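Residue-level structural notes
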Amino acid sequence: MPTRFTASLCVEIVVPEQPVAIHHYLRQPQRLVSTLVEPSRIETLGADHYRLKMRPLSFMMLSIQPTVDLKVWATANGTIHLQSVGCEIRGVEYINQRFNLDLQGYLSPEQINGETRLRGKADLKVEVELPMPLSMMPSSLVEATGNGLLKSVLLTIKQRLLHQLLADYRNWVNAQVEQADTHQAPLLPPNAAPST
């Protein structure tokens, strides 16, 4: 009989003011994906679709490495949505054939008292048929361990998001400003007097 594990996590990030509003940055979902996990663990499958290789996880006596296919897209107001569309477990074929993962999340910019904040939530659910002898262990122990493991996965993603997102946003804004400056070259060379 399948065992279910769940975890949810909310995030709120205060966004320092920049010359370009963050909702413009958020219209490029691939940038968000690269803040969630190391770029070496991401494979682009097509428009809005990415494959994420997660770090190996230890669950009781098992070591598994999930690979999750995500659809990531942005709406007009800058809200980014992500949803798992596939999953594979490398390392244990028995579990791979009896494993289902559902990840859904969003990150949305909001104006509160003149301050921009990013608010988001991620929900992670796993359903798996455990092999012997794990299936014989008390279900409360198995569920507590599994739920804790999922929570730790979400916490790791949250920590990366908190540290990487604002840094990447700042770098992106600087590049946008630089690009705008080079395209607005002065009409006259410096020190050139207009002809009379």
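In this report, we go over the structure that sits alongside the text. (Residues numbered from 1 in each chain as written. Predicted model: local features only at pLDDT ≥ 70, side-chain atom pairs only at ≥ 80, totals over all residues. Heavy atoms only, no water.)

Here we look at the overall build of the protein chain
- For the protein chain, the count of helices and strands is 4 helices and 8 strands.
- Secondary structure elements of the protein chain, listed N to C terminal, follow the sequence β-α-α-β-β-β-β-β-α-β-β-α.
- Against the globule reference of 16 Å for 196 residues, the protein chain gives a C-alpha radius of gyration of 22 Å, more extended than a compact globule.
- A separation of at least 24 residues holds for 62% of the contacts in the protein chain among residues at least 6 apart in sequence.
- Carbon and sulfur atoms provide 53% of the accessible area of the protein chain, an area that totals close to 11500 Å².
- Of the side chains in the protein chain, 18 bear a positive and 18 a negative charge, and the two mean positions are spaced by 2 Å. (Helix = DSSP H or I, 4+ residues; strand = E, 2+ residues; numbered from the N terminus. Rg over C-alpha atoms; globule rule 2.2 N^0.38 Å. Contact = heavy atoms within 4.5 Å. Areas by Shrake-Rupley, 256 points an atom, 1.4 Å probe, with all protein chains shown as cover. Lys, Arg positive; Asp, Glu negative; His and termini not counted. Charge placed at Lys NZ, Arg CZ, Asp CG, Glu CD.)

Some thoughts on the pairing of strand β3 (residues 49–53)
- Covered by surrounding structure in β3 are Tyr50 and Leu52 only, the residues His49, Arg51 and Lys53 on the alternate face being uncovered.
- Sheet analysis places strand β2 (residues 42–46) next to β3, joined by 4 bridges and oriented antiparallel. Within β3, the residue paired with Gly46 across the bridge is His49.
- Counting the residues between successive antiparallel strands, the hairpin from β2 to β3 contains 2 residues, one of them, Asp48, with a positive phi of roughly 70 degrees.
- When β3 meets strand β5 (residues 62–74), the two strands line up antiparallel, connected through 5 bridges. Its bridge partner being in β5, Lys53 is matched across the sheet by Thr67. (Buried < 20%, exposed > 50% of the residue type's maximum accessible area, 1.4 Å probe, protein only. Pairing = 2+ DSSP bridges.)

Regarding the packing of aromatic side chains
- Tallying each qualifying case throughout the model produces 2 aromatic pairs.
- Judged by centre distance (5.7 Å) and plane angle (65 degrees), the rings of Tyr25 and Trp172 are edge-to-face. Remark: Trp172 occurs in helix α4 (residues 139–183) and Tyr25 occurs in helix α1 (residues 22–25); sequence separation between them is 147 residues.
- Given a relative accessible area of 8%, Trp172 falls into the buried group.
- When the ring centre of Trp73 is taken as reference, the NZ or CZ atom of Lys71 above it lies at 5.0 Å. (Phe/Tyr/Trp six-rings, centres within 6.5 Å; stacked < 30°, edge-to-face > 60°. Lys NZ or Arg CZ within 6 Å of the ring centre and 35° of its normal.)

Overview of the nonpolar core
- Counting residues in hydrophobic clusters, the biggest one holds 51 residues, and the most contacted among them are Phe59, Leu118, Leu161 and Leu165.
- Considering every element that reaches this core, the biggest residue donor is α4, with 11 residues.
- If sequence neighbours within four positions are ignored, Leu118 has contacts with Val11, Glu12, Ile13, Val15, Ile22, Leu26, Leu107, Ser108, Pro109 and Leu165. (Core = buried A, V, L, I, M, F, W, Y, C linked by side-chain atoms within 4.5 Å.)

Focus on the side chain of Ser84
- Position of Ser84 relative to the elements: it lies in strand β6 (residues 80–90).
- Separated by 2.8 Å, the side chain of Ser84 and the backbone nitrogen of Leu103 make a polar contact.
- If we ignore the near neighbours within four places in the chain, the residues touching Ser84 are Val68, Asp69, Leu70, Leu101, Asp102 and Leu103. (Polar contact = N/O pair within 3.5 Å; in protein donor to acceptor, adjacent residues only side chain to side chain.)

Side note on helix α2 (residues 29–36)
- Residues Pro29, Leu32, Val33, Thr35 and Leu36 constitute the buried set of α2. In a view along the axis of α2, the buried residues occupy a sector of 160 degrees, so they form one face of it. (Arc of directions from axis to C-beta.)

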